Amino acid sequence: MPPDSSRSAAAGSSPPSSGPERLGFLLLPRFSMMAFFAAVEPLRIANRISGRSLYDWTLISEDGGPVTASNGMTLLADKAIEAVHHLPALAVCSGFDPEAHQSRAITRWLNRLAQAGCVLGGLDTGCFVLAAAGLLKGERVTLHWESLPAFRERFPSIATSDELFELGPRRFSCAGGAAAMDMALEVIARRHGQALAIDVSEQLIHERMRTRRDQQRMTLARRLGTHRRHLVDAVALMERHLETPLTLATVAERSGVSARQLQRLFEQELGATPRHWYLRLRLERARQLLAETDLDILSVGLACGFTSASSFSRAFRHHFAKTPRQMREG
């Protein structure tokens, strides 16, 4: 969707009167249906409330055929990529394993659109596709929090954020899910005024319009179900140091408790020892990297704090009942 498609993008400004703003949605197999609908529905409601066609969209697939989302539902596409030559804006809609569904034809097509001035963006994991096509140089993007570590490993030179969405003059991105709705509402507010965006938000029973700086995830205290500050600080330290794990003594010291107190806090509040909790965090990160990148198994292990492929495989098999290779293949 065009975030700033003209110089009149300031909040409350009016769009050109020549017709609706056109945008396309490239649907890749196993795309996130939630993110797609969350992006489209605000635009549809804006059209209805305003009494005129402010936005018009086209569903695109590689061959023009239907595309099945990650939830098993299938949508019919309007056009194949080869039939689309000019488009003001395009959102790449993907989900699990996005690069597995990226062909050379799609890469060439995206580059042609970019050269023609198309504003490109990604919903959920769509930025993997744009980055692999070489179209995110010099840009800052965001993705779903679960996919951000894999993206950073795969494309370390591209700036990322953990914001809900990013809206730039040439590129846009969002974390997927409900964040696509917040991004669409922000676009409506910029192009057609805050009042219309609020009306659309209320139609969606959306409690409030979140800004891009709202957190993607619940606070760590809410996720853990505890407000014990020392425990929350300890887990936060662990989550920030997965590639080069801290010693538990260091975690305890930086959290302001003794090693014995740390042990007791974890067991009482989380039902696990600090060692097992930390190991689980590293293995969950490894699982994400195996699923969402093509890094070799040793590189995945090293990125998650393991010093050898054998130690990584043993720990992984013990936790998931599968080796890293089996997890990737199955």
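What you see is a predicted model, and the numbers here were worked out from it, not measured in a lab.

Moving on: the pairing of strand β6 (residues 89–94). As a general feature of sheets, a regular strand has side chains that alternate between the two faces. β6 sits mainly inside the fold: six of its six residues count as buried. Residues A89, A91 and C93 point to one face of β6 and L90, V92 and S94 to the other, with burial holding for every one of them. Inspection of the sheet shows strand β1 (residues 21–27) paired to β6 by four bridges, in the parallel sense. Considered in β6, the bridge of F25 is made with A91. Looking at chain direction, β6 and strand β7 (residues 119–124) are connected through six bridges and run parallel. Note on β7: the bridge partner recorded for C93 is L123.

Proximity of charged atoms lets side chains of opposite charge pair with each other. Tallied over the entire structure, the rule returns eleven salt bridges. Between R191 and E21 there is a salt bridge; the shortest N-O distance is 3.0 Å. Here E21 lies in strand β1 and R191 lies in helix α5 (residues 179–192), a separation of 170 residues in the sequence. Across this residue pair, the class does not change: R191 and E21 are buried. In this structure, E166 and R140 form a salt bridge, with 3.3 Å as the shortest nitrogen-oxygen distance. Of this pair, E166 sits in strand β10 (residues 165–167) while R140 sits in strand β8 (residues 140–142), and the two are 26 residues apart along the sequence. Residue classification places R140 among the partly exposed positions, given a relative accessible area of 42%. Linked through salt bridges whose partners overlap, the residues forming this network are E99, R154 and D294.

Let's shift gears to the environment of L26. Tracing the backbone shows L26 in strand β1. A C-alpha to C-alpha distance of 9.6 Å links L26 and I106, two positions 80 residues apart in sequence. Setting aside residues no more than four positions away along its own chain, L26 makes contact with I60, S61, I81, L90, A91, V92, C93, I106 and W109.

What counts and how
- Residues numbered from 1 in each chain as written.
- Predicted model: local features only at pLDDT ≥ 70, side-chain atom pairs only at ≥ 80, totals over all residues.
- Heavy atoms only, no water.
- Buried < 20%, exposed > 50% of the residue type's maximum accessible area, 1.4 Å probe, protein only.
- Helix = DSSP H or I, 4+ residues; strand = E, 2+ residues; numbered from the N terminus.
- Pairing = 2+ DSSP bridges.
- Salt bridge = Lys/Arg side-chain N within 4 Å of Asp/Glu carboxyl O.
- Contact = heavy atoms within 4.5 Å.

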